[in-house]
Amino acid sequence: MTAIKHALQRDIFTPNDERLLSIVNVCKAGKKKKNCFLCATVTTERPVQVKVVKVKKSDKGDFYKRQMAWELRDLTEVDAKDANKENPEFDLHFEKVYRWVASSTAEKNSFICCIWKLNQRYLRKKVEFVNVSAQLLEELPKAEESVPSSENQSVAGGDEDALDDYQELNTREEQDIEGMMEVCEYAISNAEAFAEKLSKELQVLDGANIQSIMASEKQVNILMQLLDEALTEVDTIEGKLSSYEEMLQSVKDQMDQISQSNRLIQISNSNNDKLLDEIQFLVNHMDLSRGHIRALQEGDLSSPKGIEACINASEALLQCMSVALRPGHDKLAAVKQQQMLFCELRDAFARRLTNHLNNVFVHQFNHFSHFKMTIPQFYRSSCLSLPGHDQSSTLSQHTADLTLPKHSPLHRDLLRYAKLMEWLKNTQREKYDGLSRTYVDYMSRLYEREIKDFFEGAKIKMAGTTKEPKGKFGLHGSSGKLTGSTSSLNKLAVQGSSSRRSQSSSLLDMGNMSASDLDVADRTKFDKIFEQVLSELEPLCLAEQDFIIKFFKLQQQVPLAQAEVDDTDGGTSSRPPANEHRHSISSERDMVRFMMNKIFQSIETELNSLIALGDKMDSFHSLYMLVKMSHHVWTAENVDPASYLSTTLGNVLVTVKRNFDKCIQGQIRAMEEVKISKKSKVGILAFVTSFEEFAELAETIFRNAERRGDLDKAYSKLIRAVFFNVEKVANESQKTPRDVVMMENFHHIFSTLSRLKISCLESERREAKHKYTEHLQAYVITSLGQPLEKLNHFFEGVEARVAQGVREEEVSYQLAFSKQELRKVIKEYPGKEVKKGLDNLYKKVDKHLCEEESLLQVVWHSMQDEFIRQYKHFEGLIGRCYPGSGITMDFTIQDMLEYFSSIAQSH
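Note that this is a predicted model, so its numbers are computed, not measured.

*Asks:* So what exactly am I meant to see when it comes to the environment of arginine 755 here?
*Replies:* If you trace the backbone, arginine 755 turns up in helix α24 (residues 738-756). On a C-alpha basis, the gap between arginine 755 and glutamate 696 in space is 9.7 Å, while along the polypeptide they are 59 residues apart. Contact partners of arginine 755, with chain neighbours within four places excluded, come to Glu692 and Glu696. A polar contact of 2.5 Å, which involves the side chain of arginine 755, links it to the side chain of glutamate 692.

*Asks:* What is the right way to look at the sheet that holds strand β5 (residues 77-79) in this model?
*Replies:* With mixed pairing, the eight strands of this open sheet are ordered in space as β4-β3-β2-β1-β7-β6-β5-β8. A single partner strand is all that each edge strand has here, and the edge strands are β4 (64-71) and β8 (128-130). Averaged over all adjacent pairs, the angle separating strand axes in this sheet is 30°, with direction ignored. The pairing of strand β3 (residues 50-57) with β4 spans seven bridges and is antiparallel. Residue pairing across strands places lysine 51 opposite glutamate 71, the latter belonging to β4. Those strands touched by helix α1 (residues 2-13) are β1 (18-28), β2 (36-43), β3 and β4, and its axis lies near 115° from that of β1. Contacts from helix α2 (residues 105-122) reach β1, β2, β3, β5, β6 (89-93), β7 (97-102) and β8, with the element oriented near 135° to β1.

*Asks:* Explanation requested: the pairing of β3 in the structure shown.
*Replies:* The side chains of a regular strand alternate between the sheet's two faces. Burial analysis of β3 places six of its eight residues in the buried class, the great majority of the element. Bridge count for β2 against β3 is six bridges, and the pairing is antiparallel. In the strand pairing of β3, valine 42 is matched with valine 50. Taken together, β2 and the strand that follows it, β3, pair antiparallel across an intervening segment of six residues.

*Asks:* Even after reading the chapter, I still don't get a negative patch on the surface, so can you show me in this structure?
*Replies:* Taken together, Glu173, Glu174, Asp176, Glu178 and Glu182 make up a surface patch of like negative charges. Residue position: glutamate 182 is located in helix α5 (residues 171-183). Judged by its relative accessible area of 67%, glutamate 182 falls in the exposed class.

*Asks:* I would appreciate a short explanation of the packing of aromatic side chains in the present structure.
*Replies:* Two measures describe an aromatic ring pair: the distance that separates the ring centres and the angle between the ring planes. In this structure the tally under the stated criterion is 25 aromatic pairs. Pairing tyrosine 98 with tryptophan 100 gives two aromatic rings, centres 6.4 Å apart and planes at 15°, and the pair type is stacked. One aromatic cluster in this structure is built from Phe361, Tyr432, Tyr439, Phe547, Phe551 and Phe552. If you follow arginine 326 out to its NZ or CZ, it ends over the ring of phenylalanine 281, 4.2 Å from the centre.

*Asks:* What should I look at first to understand the environment of arginine 290 in this one?
*Replies:* Tracing the chain through its elements places arginine 290 in helix α8 (residues 290-298). The exposure class assigned to arginine 290 is exposed, which follows from its relative accessible area of 70%.

*Asks:* Quick question: what am I supposed to make of the confidence of the model for the protein chain here?
*Replies:* Predicted coordinates in areas of low pLDDT are best not read in detail. The pLDDT averaged across the protein chain works out to 77; a share of 81% of its residues lies at or above 70. Helix α16 (residues 486-492) is the least confidently modelled element of the protein chain, averaging 30 in pLDDT, while β2 averages 92, the highest of any element. Of the regions scoring below 50 in pLDDT, residues 371-396 engages in 31 contacts with residues more than four places distant in sequence or in other chains. Taken together, the stretch residues 466-518 has pLDDT below 50 and engages in 134 contacts with residues farther than four places along the chain or on a different chain.

*Asks:* Which parts of the structure should I look at to understand the pattern of salt bridges?
*Replies:* Opposite charge on two side chains lets them pair, provided their charged atoms get close. Enumeration according to the criterion identifies 32 salt bridges in this entry. As a salt-bridge pair, lysine 550 and aspartate 546 come within 3.2 Å of each other at their nearest N and O atoms. Here lysine 550 and its partner aspartate 546 are both found in helix α17 (residues 520-551), four residues apart, which amounts to about one turn of the helix. Given a relative accessible area of 42%, lysine 550 falls into the partly exposed group. Residue aspartate 546 is classed as partly exposed on the basis of its relative accessible area, which comes to 36%. Of the charged contacts, one joins glutamate 692 and arginine 755 as a salt bridge, the two residues approaching to 2.5 Å between their closest N and O atoms. Here the residue glutamate 692 occupies a position in helix α22 (residues 686-701), and arginine 755 occupies one in helix α24, the gap between them amounting to 63 residues. Of the residues examined, arginine 755 reaches a relative accessible area of 44% and is grouped as partly exposed. In this structure, a network of salt bridges that share partners links the residues Lys81, Asp91 and Arg99.

Cut-offs applied
Residues numbered from 1 in each chain as written. Predicted model: local features only at pLDDT ≥ 70, side-chain atom pairs only at ≥ 80, totals over all residues. Heavy atoms only, no water. Helix = DSSP H or I, 4+ residues; strand = E, 2+ residues; numbered from the N terminus. Contact = heavy atoms within 4.5 Å. Polar contact = N/O pair within 3.5 Å; in protein donor to acceptor, adjacent residues only side chain to side chain. Pairing = 2+ DSSP bridges. Axes fitted to C-alpha atoms, helices over the stretch in contact; angles between N-to-C directions. Buried < 20%, exposed > 50% of the residue type's maximum accessible area, 1.4 Å probe, protein only. Patch = residues over 30% accessible without salt bridge, like charges linked within 9 Å, V, L, I, M, F, W, Y side chains within 5 Å. Areas by Shrake-Rupley, 256 points an atom, 1.4 Å probe, with all protein chains shown as cover. Salt bridge = Lys/Arg side-chain N within 4 Å of Asp/Glu carboxyl O. Lys, Arg positive; Asp, Glu negative; His and termini not counted. Charge placed at Lys NZ, Arg CZ, Asp CG, Glu CD. Phe/Tyr/Trp six-rings, centres within 6.5 Å; stacked < 30°, edge-to-face > 60°. Lys NZ or Arg CZ within 6 Å of the ring centre and 35° of its normal. pLDDT = per-residue confidence, 0-100.

Right, here's the structure in full:
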């Protein structure tokens, strides 16, 4: 690369007055490798021009030619592709993007470093460098310091810095040098002699300078004489100054006396100013206006103006009481009297505020609960047991519409007192705690009634979704025994239903109903009701929690306790000690949760009751509830992970997950309890069909759900149970061959999994396909041994002799396997007999297979292929073991194809 660099400098850049700083061997990315060189150059003349030049080697010779050049100021971005890994690719953004691949990462880094230095030097950091390692750029200054500038090893060229240190001669210096060179004839021809001459002349000038200094000794003596005269004059002046000092000493004593008097006057004035400042401080910080006192004593706490006046007055009172007194202030009688006044105003206003807020709580509670009280509780509860009764006429409008009353008017009215509650919290903690307990007591009773009515309406609507039972068999529970055959299953169907069905447990004593009797419309309606319940509870709890935080000023920094103020008669302080105010709750967040738990103590119980009802109606409801509850828990945790709503819904989610697991275990238990009939064929097992229905429903419900992992685990458990119990039923089957049971059911499972495309069951899908294929082949091979039984036995004997070492062409000499014996066996299987045997085989296979899976033609086609394979095998043995005998089968492959086709068409 060094030789190439010298060649390019000599042949291309030196003729153009340019200097080559860096070079990199590149080719265009994504195209055939046509190598070229990118060169970073600067001009040798000022102003300096910086360019990036593309140089290409000539095709017809060993020389290089300049192909393209770009100004560095046109470069906008350098993209090194990856700052962490070695990558030879990089992009240069000029008027368009040029993509290059360097021959090595080291060359690319060296070239980018050169561009970076030129950018720093000439373009003032105009070019943007992307995906370039910061460590690489940081090492540049260190590398430059360690390399001598004389060696010219810097990428940007050390001689650029040397150019900046060079200083040109001015005009006068040039004229002087030219004059000296004109005087000396050999100044140019013999530079050493010229330099020696200049040195000698310099020595002569130095000697003359020393002679001049020695000639000035007389002048120095005259100067010393003048200095002596000046010293005499100075002594005279010092004598006069001493006499003046003695005269001023008396004046100084008098001035000291005057200064002492002035200092005493200043001290007196300073004391007066400080006293005035102290008085002004006490007046400014401990004076409460008459308007504030009147507001605290008589302010109207029911009007907005009165509340605003009370807020301003309470804040002013708190500022007066919390002022930091200076040392000695507490001993002043006026200060003590003012502090007693503040304590009386604080206590009186706190009592008045507490009584007013208590009355507000009672009034608001009575107002919001009035319409609830107009409907007797016994009448509302009796609506559940009256058949055909219109629930909307007995429950409140909110309950009929399945909505919860909004308490925003109550919150809006009470939030006007939020600043007064904060003042009460900072001054009278006991009264503040009492008000919070009162609020919690009233609101818990109000919410308990509203939530109870709300959930009663939800239960009525859920119960209304239940229809007459259809007797459909479900994986999650059955009270009857299931038989494996299609005929016995049809006996269990209700009024022409072709699916396998059985009855299940009862629902809340409302009649015997199967857990999967609800159709898709009923389940969708249940899902909407459950979602409506959660959607109503979520904003209700969040609004109440937000109100509690704002009204009671929780989850904020607790202000410092007010300084204790003692009575003048030496009594106890106006505020109890701080340890008496310590609450059993450790933090304000815990206090919010404590209040929310008290207010909404019935929500978790009612939700669990509603979940139990839905689970009894249909255990598949646990799938809907798991998805909906998980989504609402996730939403609540995003808003506030420590909120009451998040904690409560999380607890309920545990119950829903438990019900979901119980549903899965019930389905597995139902599979294990399946019994098959000994007199009829098995067909597609009921739990295989039910697993298909479960998977279809689950895929619909869990689409884009957060708890997809729970469903995948349930799938894994169910499919393992299905596989195990299919094999168990197949082993116990007496009427239907084991291979048929396995083949049909695993074909159905494979079809189901292929259609639903459940990713977590991909291995089970392949396993089901393998088992289906394996048992199909086993059944075909087992069945085909019967139509040509003697021929099979004969050729098995032939193969046995060959395996014992008898040569194939000598088998015909064995007495038991002679040509005559072969002809006898072949005569026993004419075409008509073979067709008759195949017809009987078709009828037998038809009896084994069920109509639902439609595998008869598949099995028959497989038997045809297997029969043809055996026929070809027999013909091959005849050709090898009985060569030249002319023995052939009585029927051909074409005859066999016609037999199979005609038999299939006739049936």
